[in-house]
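Observations on chain architecture
Here is how the chains run, residue by residue.
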Amino acid sequence: VSPAPELPPPPPPAVVWTHRAERQLQCELTRAHGTPDGLPARRDTLNGWLARAFPRAAAVVVLDVYLGFRPRKGEFILFVDARGRNEQSETDCGTAIVKLADEERRLHSELTAWRTSTPACFPGSAVFMGLTPRYATDPPRLVALVYQDAQPHIGTDEIVWLESAVLRAVRFGVPDTHTVIDALRELFSHLGRVLYPAARVAEFEEKCIELNPRDGGQRRQLHKAFDLWDRDGPMRVRQQVTTAFELAENRYIDPVDYFRFLHEELNRPGARADNFLPRRLRGPAHGDLHGRNVLVGLEENRVGTPALFDYENMSCDNLLGWDFVKLETELKIRALSAVLWDASAPAGPLPHFAAAVEKFETRLAARTVACRDTGQWPEGPDPAFGNERLDRLAALLLCVRQQAELHLGARRKRFRDWLHEYYFLLGCYGVTTVRFENQSESERAAALISAGVAAVQYEMGRPGAGPIGGAL
Amino acid sequence: VSDKLKAELEALLARRFPSYHEPLRQARRWNRGTADEREAAAELLAELQKRYPTALVVWYEGAFNLANRETREQTLNRLKAIEQKFGGRLNEDTHSLWGRCHKTAGHERLEAALLPTAKPEARAAALEDAERAYLHALEQYNKALVCAATGFPKVNVAFLKFVLAAVAREHGHAKRAEELLEESRNVARELLAGDWQTALPDADVWHPATLGEAHALLGEWDAAALQYERAAAGPSAQLHHRKSMGKQLQRLVAACDLQNMPVSDAIRALAQSLSAEGAK
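Computed from a prediction, not measured in an experiment: that's the story for all the values here.

Focus: the packing of helix α10 (residues 349-374) of chain A against helix α13 (residues 441-461) of chain A
For any two helices packed against each other, the geometry is given by the interaxial angle and the distance between the axes. Residue and element names in this part refer to chain A. Contact geometry of α10 with α13 gives a least axis separation of 9 Å together with a crossing angle of 40 degrees. Compared by their axis directions, α10 and α13 come out oblique. The crossing of α10 and α13 is right-handed. On α13, the residues that touch L350, F353, A354, V357, E358, E361, T362 and A365 of α10 are E441, S442, A445, A446, I449, S450, V453 and Q457.

Thoughts on the sheet that holds strand β14 (residues 315-319) of chain A
The pairing of strands in a sheet comes from backbone hydrogen bonds and takes either a parallel or an antiparallel form. All names here are of chain A. In space, the 3 strands of this open sheet follow the order β8-β11-β14, with antiparallel pairing throughout. Edge positions in the open sheet fall to β8 (200-201) and β14, since each of these has one partner strand only. Direction of pairing for β8 relative to strand β11 (residues 281-285): antiparallel, over a ladder of 2 bridges. Bridge pairing in β11 places R200 opposite R282.

Notes on the side chain of A:Q239
Within the secondary structure layout, A:Q239 lies in helix α7 (residues 232-244). What makes A:Q239 buried here is its relative accessible area of 3%. For A:Q239, the residues in contact, after removing those within four places along its chain, are B:T54, B:K85 and B:F86.

Considerations on the pattern of salt bridges
Residue and element names in this part refer to chain A. Under the defined criterion, the tally for this structure stands at 63 salt bridges over all chains. Residue R72 pairs with E75 through a salt bridge whose shortest N-O separation is 2.8 Å. The shortest N-O distance in the salt bridge between D274 and R272 comes to 2.7 Å.

What to know about helix α1 (residues 19-33) of chain A
All names here are of chain A. The end-to-end C-alpha separation of α1 is 21 Å, in line with the 21 Å expected for 15 residues at 1.5 Å each. Residues of α1 that are buried include every one of A21, Q24, L25, E28, L29 and A32, and no others. In a view along the axis of α1, the buried residues occupy a sector of 140 degrees, so they form one face of it. Seen from the open side of α1, the exposed residues pointing more than 90 degrees away from its buried face are H19 and R23. Summarising the contacts, the buried residues of α1 are in contact with β1 (14-17), α2 (39-53), β2 (57-66) and β3 (75-84).

Structural notes on unusual backbone geometry
Residues and elements named next belong to chain A. Here V174 and P175 are connected by a cis peptide whose omega angle stands at 0 degrees. If you trace the backbone, P175 turns up in the loop between α5 (162-172) and α6 (177-194). Backbone geometry at E300 places phi at a positive 50 degrees, although glycine is not the residue there. When you line up the elements, E300 lands in the loop between β12 (294-299) and β13 (302-308). Judged by its relative accessible area of 81%, E300 falls in the exposed class. With a phi close to 55 degrees, K413 is a non-glycine residue in the positive phi region. Relative to the elements of secondary structure, K413 occurs in the loop between α11 (388-409) and α12 (417-432).

Here is what the cut-offs are and how they apply
- Residues numbered from 1 in each chain as written.
- Chains lettered and ligands numbered in written order.
- Predicted model: local features only at pLDDT ≥ 70, side-chain atom pairs only at ≥ 80, totals over all residues.
- Heavy atoms only, no water.
- Axes fitted to C-alpha atoms, helices over the stretch in contact; angles between N-to-C directions.
- Helix = DSSP H or I, 4+ residues; strand = E, 2+ residues; numbered from the N terminus.
- Parallel < 35°, antiparallel > 145°, perpendicular 65-115°, else oblique.
- Left-handed = near helix turned anticlockwise from the far one by under 90°.
- Contact = heavy atoms within 4.5 Å.
- Pairing = 2+ DSSP bridges.
- Buried < 20%, exposed > 50% of the residue type's maximum accessible area, 1.4 Å probe, protein only.
- Salt bridge = Lys/Arg side-chain N within 4 Å of Asp/Glu carboxyl O.
- Expected span 1.5 Å × (residues − 1).
- Arc of directions from axis to C-beta.

Just geometry here; none of it tells us what the structure is for.
This is the structure we're talking about:
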């Protein structure tokens, strides 16, 4: 009997780019390198990786390239549709989100973060898009991370970032705010089930303010962001915002000055850290939760189930509260910029914007306390803000805070501590946003004011703090 | 600086604060106190400027300190440096202080021009200097007005236009003088019609004093006198408030005289008594 003839390996799949995807790639290259030069070469490289990541597909259609807030050089997240040779039986078919990177270690790092932070053998869930590594043999390399099939996962034709859904809901009332609230609750409910149970109260061991670990290694330190605020652009924003509130220390204080003060006090000989820092929860958390790492389906006026991806910053040593304050800040600063920035204001747009943002933030702080104390959080637009768009935004932000109360507070019997921790981290996060060089002036100002109002709220409850306020 | 003040200053400098507000409160108190206290304020403010470089109010207070201790030129140089540091984005107080420096220069030159002994050439030169200084002051008060439409920069804009009208008349530019006068009256009417607030601790003095000046610019002498009396009787009124109101009113009366405008005897007497009382 002669042996069965060995079948030749299937030819590599053809990779086809839609015009939209190619334009997005061009845009990403321009953001990262200042020029789209090298587009054909980059596309060829990505095609090679895709062909090796989907070896049994007949063709891979690149539908979109997702642009994050900031370009990550040498890293690309694509939305692809792989067509199988026999779609009934092939596994390499269907839509998927794929992450590709020049440096293999970045893919490894995310894979490790995913495996160590999620429960053992966790395959993904209705919200967590499962992650599969794709290895190639020639040469051997981890070529891609493939997130679970996006389209059936989300289940609607139109898929958008959570950020887009929130901005549309705030500005136009469509999609319905109630359904965005439902999506946020579902998102945190899954995070609460999958990641947060393993959290612990962190020890006061630091001599500086430590944040989430960087790439699974050392924790970032807040004070390293201080000097970045002294550069020209950020300094101008700080100057104008500080000037707008110079007599209102019970509403806004410069968060950079404030966290510098905490840092210096922590470093005084004999200083007690618990006089300056709140008790914080550390443990498995997403670490980079913002409106562009969550996709949602849109159907008519409704937002559907959210789908979470990008696990690069997952770690068992993350601050749980960071997930909440980052999502709040990143959604808020864009929404406030869209709603309140008035380029024609007589004294310049920034002072006018700053006053309006501070008013919103201070009211949001008051509403948070009222909701916490009564246990009644808004189910829809909150009419306390006197402007339909701000009412809708406030409802969404209060929903994030309600979820924070649940996961940082009620479930751990930290009924008062959670808000203290929340304002501390909200202030810290606002200060760290200075690293993002592509922030607009309004976004930077909104982040600064968010942090400055949070600093006042935190200082009012800090042990050993003196009274705040009084006429100059 | 006394030992007690030194100790207070050292204690303040040794502490760290969550924001500039608490140490600035002390600096402001010292800035408005004795010469020794102003010296201490200067030291404290120099340190606060290093610690809180983005707080314009701290830099303003430093310039205010300088204005009370050093020459006008030094103050103006400091204000220019602050303007550069803050990218041209100053606040009402800083623009107003800047305007005040020029306004005072204008008054000095106008007084020189009106000296009976002044020769025609020197008089003309002094008038030109005064006009230039008043125009610089007007520019700054107009900028202050954009920052915050409170009554203080507005009344100064109205006052400066009024004085510039007097200078224009002295120059023989009657038409220009009429225009300026009309502009001044419009601003004064706007001020009186507006509903503005101030957070100043001595608002009970400056608010009625500002209204009094606006009425005086419109020649409404009885209403002006009423407001000035309210201001002088305000719970926060100090001698320096009375002196400042009296001097400003005297200049206004002088500008009226230059333009041959009638002024009530009561207002002349009030200007005199406020200045004299303040001088005590």
